[in-house]
Every structure is written in structure tokens, then in C-alpha cells.
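What follows is the residue order along each chain.
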Amino acid sequence: MTRVQLVVRGGTVVDATGTRRADVAVGEGVVLGVDPGIDVPRGATVLDAGGCFVAPGLVDLHAHLREPGAEEAERVETGARAAALGGYTALVAMPNTDPPMDCAAVVRQVRELAVGAAAEVLVAGAITVGRRGEQLAPLAEMAELGVRLFTDDGAGVQDARLMRRALEYASALGVTLAQHCEDACLSADGHMHEGEWSSRLGVPGVPAAAEEVMLARDLGLARQTGGRLHFLHLSTAGSVDLVRSAKAHGLPVTAEVTPHHLTLTDAAVGTWDPVFKVNPPLRSDEDLEAVRAGLADGTIDAIATDHAPHPQEAKEAPFDQAPPGMVGLETALAVALTCLTEGEELEVAGGRPHRPEGRQGGGGAALPFERLLGLLSWKPAAIAGVSNRHGGPVAPGAKANLCVIDPTAEWVVDPARLASRSANTPFAGCRLKGRVRHTVLGGEAVVVDAEAQR
Ligand code: DOR
């Protein structure tokens, strides 16, 4: 009989099957028992989950780990540690590295860097060679290694004919293409959302149509080819409408939104702080309301961080010269809990909190905790093709990839204390409610009492 090595004690287990008070016994990397009052054998580790939820580990579909090539911003090891502290047991590493992850050799290299990391790193392969959008990357060679998601993220595939071919190959290989929807002609020279704030500030804008035009095109291509598509970081009301209608017509598409597009608007750019520069840009109040509505009605399948670390020097450049991107792995769950489940508004340092007219303390229907977990754990696990080991349910025989969440713990985001190598968080100084207490990866505690163990 397998020996119990770790017991998560006194919590409330939440997964896709429901909620119950239970201890969780773990040994040799798997869940051995889920019962109230499990005896702790001598020598076993006990993780206190009193007052906490015990959930399947979170799964991030979208993180930039910067290695190889930009190790000053992040490394696989530090990104995985940040992920574990944020409750993630798996994350998808985006291929816009240097060299890009566009062939088997680089996929293998990144996987090797991830051995022993605090979270499982799933590598996304590039769709095109060098992410240049000119020629298909060797998708079959990477699929052979188990790569399940392909994307040129950081840029969209501009050439419709090439995207059509890519979808045909993807369909034959049984893999998913994740599109960064951005028509480069429409977005060229833009640094923020095109709207009232960009006019007021005199900053060239990126119109909502830059995203929607490519999304609409790709829906046509998905229909044509039968290829599976996932849409990254959707940010506009029009995008949410397009995906809603595509799903109603039975197209095999999924979509994600980021914590920042769910909580911040282009008003924050009025601070001129490049920490609020991101691609796609922070949008209008109406767009924010629409992406929240998309989450609420199931149009949006997942919350993904788009964790995009950049060194401080780069983010201190003038707004138009600074690179776009925000770190997010360590704050995503707490931001979502605070704003979507508790329905509170954030006071962004130096910025204007998102506060649409007519709303009471955040307004809108609060997203139940179980639904939020689905958006952060089991639904992205299915999109990434890792439901066999991440996302639960928490039941005997399942891989022991878990996180323990204290829903009442309050904390203030201090960029200096993040485990990420970069500190470009837009939530600096925000008081958040909800914190990851422990994370268990493959049966081992990689975060204990909010401290990383690896
Ligand atoms: O803001 C962004 N930063 N959006 C992207 O698509 C790429 C990312 C990065 O790599 O910095």
C-alpha cells in the first residue's frame, strides 16, 4: 500500500465536482484519500488548510518566461517560482524568446531548463519560423514532442493563407492554434487604446478593430478548416460578441482574458506610467464590462495572466518607447478574487480606479468562487491538454497538483517582494483579498505558508 507522505488538513475541497469539508492525503505524487479526519502517519508532512479552500492547482495558458535570450527579465526557474506562489501548478511558456521556440531543439532546451522547477512548464511552439509570419514552423516535429499549443504570440499571423495552412496542419495533428489577434496595419504606431483617452492625451491609438478584424477572419478560417483555435488576451466588446456568436454556431473555439483587462481601463494611461502599457492595450469601461459579461455567461473560457516581465530600465522609458507587458502570475488569483468574487474596485497607485457610473462597489453579479476556479484551473487545463494531471478533480488516484487558498487573507502588492525577476506590476500598492497559502506539485509542497520551497 502506498504510504501517506503529506496531509492537507482541515480545509474545504473545491473542484469541478463540488465542495466538501475534507482532508487530503497524498503519497508518491498522487491523491490517496479525500475524507474528513484522515489520520496523519508518523513522519508525514501536514499542511494546515484551516479556513482555506483546497483546489486543483491553477493552470496559466499564457506566460512569458523570457528564457532563452532575455534572462535579465525572467528565467524559467523564477517564472515557475512566481507561478507556484500564485497557486499555479502548470503554465504555458510563450515562444517569443531568443531564439524563438520554433523547432524541436529549442522546445527541448526549455523543457530541460524546467526540470525541477516549482511548476510544470508546458512549452508552446511558434506557428511560423522565427515568428516572422512568413513560413510554417515544423509543427509536426514539435507535436511529436507533445507540444499541444502553437502561437506566434506577441504578434498575430498576418497572412490569412498561411494561417489557413497552419489550421489545416493543426487539425491533422490534433493540436490547437492560439492566436494573438492583432492586425499589424491597423495597430501600427499605436501605444494605447484608441478612444477618448488617447484623443485627450494625444497618444496614437490601437483601435478595437485591430483585434476584431483578425478574430473575425480566423473564425472564418476555423469554419473552413475545422482547426481548433484559442484566442489569447481578448480585450474588446466586439471580440466577446464575435466569440459568443461563433460558439453559438458550434465552432471549436476557446478564449481567454487577462486579470488586467478585467480590472483596469485606458484611464490609467493618464498617469503616463509605462507600467500600464500592455498589448492589447487597456480598453474602455464598456470593453471592461463586456469582457466581464463574457466571463459570466461562459463565452470566455479562461483567465490567463499574459505574465510579461520587463526590466525596470525598459519600463522607465517614455510611454511611447517602453515595451508593452505586465507581470501577473503572483497576483492573478487575488486580483480576480478581490474584483470578481468580492466585487471590490482596486485603487491603482497614481491611476484612476475603474469605476463605471451607476455601479455600487463594483456592481455586476459576483462570480461564484467555484466558477472562478474553473476559469483558472480546470478549463485552462482542458485547453492546454493536461487534464490528465492538472485541474482535478481532487480524488483518489489523481495527480497531487493542488493549491490551498485562504480567501480572507488580505495583503498589499509590493513589487519588491515578487519572486519574478521583474517588478512591472500595475497592481503595486493595491490591497488584495485572497492569498495562496500552499501549493503542492506532484505530491511535494513547493509553497508552504506563502513561502517558496524551491
Ligand atoms: O503586452 C504584451 N507583452 N503583449 C504581448 O502580446 C507580448 C508581451 C511580451 O512578450 O512582452
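Scroll up a little and you will see the structure.
Residues numbered from 1 in each chain as written. Predicted model: local features only at pLDDT ≥ 70, side-chain atom pairs only at ≥ 80, totals over all residues. Heavy atoms only, no water.

1. Description of the site of the ligand
Then comes step 1: Near the ligand there are 14 residues, and of these R66, N96, N279, H310 and P324 occur at the shortest range.
Then comes step 2: Taken by itself the ligand offers 290 Å² of open surface, and the protein chains cover 94% of this.
Then comes step 3: Looking at side-chain class alone, the shell around the ligand contains three nonpolar, eight polar and three charged residues. (Near = heavy atom within 4 Å. Areas by Shrake-Rupley, 256 points an atom, 1.4 Å probe, with all protein chains shown as cover. Nonpolar A, V, L, I, M, F, W, Y, C, P; charged D, E, K, R; others polar.)

2. A look at the sheet that holds strand β8 (residues 120-123)
Then comes step 1: Strand order in this open sheet of three strands is β6-β7-β8, and the pairing throughout is parallel. Of all strands in the sheet, those with a lone pairing partner are β6 (58-63) and β8, marking the two edges. Pairwise comparison of adjacent strand axes, ignoring direction, gives a mean angle of 20° for this sheet.
Then comes step 2: Taken together, the four bridges between β6 and strand β7 (residues 88-93) define a ladder with parallel strand orientation. (Pairing = 2+ DSSP bridges. Helix = DSSP H or I, 4+ residues; strand = E, 2+ residues; numbered from the N terminus. Axes fitted to C-alpha atoms, helices over the stretch in contact; angles between N-to-C directions.)

3. Thoughts on the packing of aromatic side chains
For any pair of aromatic rings, the description rests on two quantities: the centre-to-centre distance and the angle between the ring planes.
Then comes step 1: Applying the stated rule across the entire model yields two aromatic pairs.
Then comes step 2: Both rings, one in F53 and one in F369, keep their centres 4.3 Å apart while their planes meet at 25°; by these two values the pair is stacked. Residue F53 is found in strand β5 (residues 53-56), and its partner F369 is found in helix α13 (residues 369-376); the two are separated by 316 residues along the sequence.
Then comes step 3: Classification of F369 as buried rests on a relative accessible area of 8%.
Then comes step 4: Lying over the aromatic face of W197, R200 brings its terminal NZ or CZ to 4.4 Å of the ring centre. (Phe/Tyr/Trp six-rings, centres within 6.5 Å; stacked < 30°, edge-to-face > 60°. Buried < 20%, exposed > 50% of the residue type's maximum accessible area, 1.4 Å probe, protein only. Lys NZ or Arg CZ within 6 Å of the ring centre and 35° of its normal.)

4. Looking at the side chain of T331
Then comes step 1: Here T331 is to be found in the loop between α11 (312-315) and α12 (332-341).
Then comes step 2: Other than its neighbours up to four places away in sequence, T331 contacts W411, V413, F427 and L432. (Contact = heavy atoms within 4.5 Å.)

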